[in-house]
Number of protein chains: 2
Amino acid sequence: MFLTLQRYFNQFQPLSAPALEAIEAICKPITIQKNKNLQHIGQTCQTIYFLENGIARIYYLKDEIDITEGFYFENSIIARAESLFTGRPSRKGIQVLETADLIAIDSQKFFALFDAYPEIERLFRKIIEAAYIDTINRIESLQFNSAEERYKSLLESSPDLINRVPLKYIASFLGITQVSLSRIRAVR
Amino acid sequence: MFLTLQRYFNQFQPLSAPALEAIEAICKPITIQKNKNLQHIGQTCQTIYFLENGIARIYYLKDEIDITEGFYFENSIIARAESLFTGRPSRKGIQVLETADLIAIDSQKFFALFDAYPEIERLFRKIIEAAYIDTINRIESLQFNSAEERYKSLLESSPDLINRVPLKYIASFLGITQVSLSRIRAVR
DNA sequence: GAGCAGATTTATCAAATGATAAAAAATCAA
DNA sequence: TTGATTTTTTATCATTTGATAAATCTGCTC
């Protein structure tokens, strides 16, 4: 049960049977239909999700314009960190782009396990460290790569993203307008 | 002793006396002269630094061009996360921009304390969480704010940065050329 | 304080990207 | 399939930013 989640954990570090059971006890499987919001803008993030399949994105509005902050694929964790760790309402929402099966984990209950299971806290720390590194690399690409370079390296790192996600979402993720993205794609 | 460091920790969570002593036992105070490298490009990051005073920056080269990834001020932690957490050599260097007193903490020894002192691991987790949130916000500003907006919000969030740091470093931090920054400043 | 080196600004032109509008293509529901 | 809606592309023009070179400015050394 929750094998996908366990396998995900194992990438970072295996957990003992009791720790796994403690986590399973607070897991709730849910299914969200395509294009539905998993979490709305303004809600405080109190749930950590694990995506078993499907695609989701975190987005926000700048001057009424929808901007995709990030994409999340099967077998990954998704949560709005700035809200989860601060307890403040998030300016961001989570939308599912393909009908998705998820595991919902109440963050309060999850954090409460840290005292009894230091191994869980350690696992979580490693997950955050990896997410942190990802964002550092993303900053690097936004800092001085051209829009075209960013598009091409996205193609390389996530080849099927283009097929599964509307281009309008990809454009804002890359920090450009949809029209610019279309122009870049036309060059080839 | 190491009161500055202890005060920094307290922002996140206070540590017990034994935990503090264990950390102090692996702390080494060092002083680095202005403009010297604290860590060179290519070195693997095995030290976590705490800046007691002065300013430092993390930088890297893209196409021979020096780019500032981030600035770090007194009373903050500085380390090259992508190397520290992966054990791989860093493409980045750390340079001190004002003669600085630092506390150097061997990362291996520090991580080794996590088993005996879960509270230290928890503290470290919280520090990483905060750093992670910072990078997420930085991505947001790079994604769709204009160079001028980024400059102005930097002025607001770090007013004295401009006086203490050469503009050429600030320009690359903002993701623009120095000439562009100069132009933006001239508008006012 | 003169001279030097590096930092910053200014000027000019080129390239990349944005804004807007309209056309074409794809998707979806009836 | 048809028609409506959304997505993507194309076109045009405006704006921003980059590249390069040169002119100032600043700080440092002697």
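Residues numbered from 1 in each chain as written. Chains lettered and ligands numbered in written order. Predicted model: local features only at pLDDT ≥ 70, side-chain atom pairs only at ≥ 80, totals over all residues. Heavy atoms only, no water.

### Examining the overall build of chain A
Okay, so step 1: Looking only at helices and strands, chain A features nine helices and eight strands.
Okay, so step 2: Computed over the C-alpha atoms, the radius of gyration of chain A is 17 Å, within 12% of the 16 Å expected from 2.2 N^0.38 for a compact globule of 188 residues.
Okay, so step 3: When the 188 residues of chain A are sorted by exposure, 52% land in the buried category.
Okay, so step 4: Counted over contacts in chain A with a minimum sequence separation of 6, partners at least 24 positions apart contribute 70%.
Okay, so step 5: Accessible surface computed for chain A: about 9,000 Å², of which carbon and sulfur atoms make up 51%.
Okay, so step 6: With 22 positive and 22 negative side-chain charges, chain A shows a spacing of 6 Å between the two charge centroids. (Helix = DSSP H or I, 4+ residues; strand = E, 2+ residues; numbered from the N terminus. Rg over C-alpha atoms; globule rule 2.2 N^0.38 Å. Buried < 20%, exposed > 50% of the residue type's maximum accessible area, 1.4 Å probe, protein only. Contact = heavy atoms within 4.5 Å. Areas by Shrake-Rupley, 256 points an atom, 1.4 Å probe, with all protein chains shown as cover. Lys, Arg positive; Asp, Glu negative; His and termini not counted. Charge placed at Lys NZ, Arg CZ, Asp CG, Glu CD.)

### Looking at the pattern of salt bridges
All names here are of chain B.
Okay, so step 1: A complete count under the given rule lists 26 salt bridges over all chains for this structure.
Okay, so step 2: With a shortest N-O distance of 2.9 Å, Glu74 and Arg164 are connected by a salt bridge. On the criterion of sequence distance, the pair formed by Glu74 in the loop between strand S5 (65–72) and strand S6 (76–78) and Arg164 in helix H7 (residues 161–164) is long-range, its members being 90 residues apart.
Okay, so step 3: Take Glu74: its relative accessible area is 28%, and that puts it in the partly exposed class.
Okay, so step 4: Judged by its relative accessible area of 22%, Arg164 is partly exposed. (Salt bridge = Lys/Arg side-chain N within 4 Å of Asp/Glu carboxyl O.)

### Digging into the UniProt feature "domain: Cyclic nucleotide-binding" (unreviewed entry) in chain A
Okay, so step 1: Cross-referencing UniProt, the feature "domain: Cyclic nucleotide-binding" (unreviewed entry) maps to residues 11–122 of chain A in the present numbering.
Okay, so step 2: Secondary structure over residues 11–122 of chain A splits into 26% helix and 41% strand, and the C-alpha atoms at its two ends are 13 Å apart. (UniProt positions renumbered as here; feature names shortened; annotations may be inferred.)

### Quick look at the protein's contact with DNA strand D
Okay, so step 1: Residues in close proximity to DNA strand D total 17 residues, the closest being Lys168 and Ser182 of chain A together with Ala147, Ser180 and Arg183 of chain B.
Okay, so step 2: Those atoms of DNA strand D that come within 4 Å of the protein belong to sugar or phosphate at a rate of 63%.
Okay, so step 3: Interatomic distance of 2.9 Å between a backbone N/O atom of Leu167 of chain A and a phosphate oxygen of DNA strand D.
Okay, so step 4: Contact distances for DNA strand D include 2.5 Å between a phosphate oxygen and a side-chain N or O atom of Ser180 of chain B. (Near = heavy atom within 4 Å. Polar contact = N/O pair within 3.5 Å; in protein donor to acceptor, adjacent residues only side chain to side chain.)

### Notes on the protein's contact with DNA strand C
Okay, so step 1: Taken together, 18 residues lie near DNA strand C, and Ala147 and Ser180 of chain A together with Leu167, Lys168 and Ser182 of chain B sit nearest.
Okay, so step 2: Backbone atoms, meaning sugar and phosphate, make up 65% of the atoms of DNA strand C lying within 4 Å of the protein.
Okay, so step 3: Between DNA strand C and the protein, one listed contact pairs a phosphate oxygen with a backbone N or O atom of Leu167 of chain B at 2.9 Å.
Okay, so step 4: Elements with a contribution of two residues or more to the surface near DNA strand C: helix H9 (178–187) of chain A together with helix H8 (167–174) and helix H9 (178–187) of chain B.
Okay, so step 5: Among the elements that line the surface near DNA strand C, the one with the most residues is H9 of chain B, at six residues.
Okay, so step 6: Classifying every residue of the surface near DNA strand C gives seven nonpolar, six polar and five charged. (Nonpolar A, V, L, I, M, F, W, Y, C, P; charged D, E, K, R; others polar.)

### So, the interface of chain A and chain B
Okay, so step 1: Across the boundary between the two partners, chain A contributes 37 residues, which contact 37 residues of chain B.
Okay, so step 2: With both sides pooled, the region where chain A packs onto chain B buries about 3,700 Å², and carbon together with sulfur makes up 62% of that total.
Okay, so step 3: It is Tyr132, Gln143 and Phe144 of chain A in chain A that bury the most area against chain B; as a group they hold 19% of the surface buried on that side.
Okay, so step 4: Joining chain A to chain B, the criterion identifies 12 salt bridges.
Okay, so step 5: With a shortest N-O distance of 2.8 Å, Glu121 of chain A and Arg125 of chain B are connected by a salt bridge.
Okay, so step 6: The element contributing the most residues to the side of chain A that touches chain B is helix H5 (residues 118–144) of chain A, with 18 residues.
Okay, so step 7: For the side of chain A that touches chain B, a count of residues per class yields 16 nonpolar, eight polar and 13 charged. (Buried area = accessible area lost by both parts, 1.4 Å probe.)

### Quick look at the pairing of strand S8 (residues 100–106) of chain B
All names here are of chain B.
Okay, so step 1: Of all the seven residues making up S8, five are buried; the element is thus mostly covered by neighbouring parts of the structure.
Okay, so step 2: Direction of pairing for strand S1 (residues 27–32) relative to S8: antiparallel, over a ladder of six bridges. Note that in S8 the partner of Ile30 across the bridge is Leu102.
Okay, so step 3: Sheet topology note: the strand S3 (residues 47–53)/S8 ladder contains six bridges and is antiparallel. In the sheet register, Asn53 faces S8, and the bridge partner there is Asp101. (Pairing = 2+ DSSP bridges.)

### Concerning the relation of the copies chain A and chain B
Okay, so step 1: For the pair chain A and chain B, the relating rotation is 180°, the translation along its axis is 0.0 Å, and the fit reaches an RMSD of 0.0 Å. With respect to symmetry, the two chain copies, as superposed, fit the operation of a two-fold axis.
Okay, so step 2: The fraction of interface residues of chain A whose copies in chain B are also interface residues reaches 100%, indicating that both copies meet through the same surface. (Least-squares fit on C-alpha atoms with pLDDT ≥ 70 in both.)

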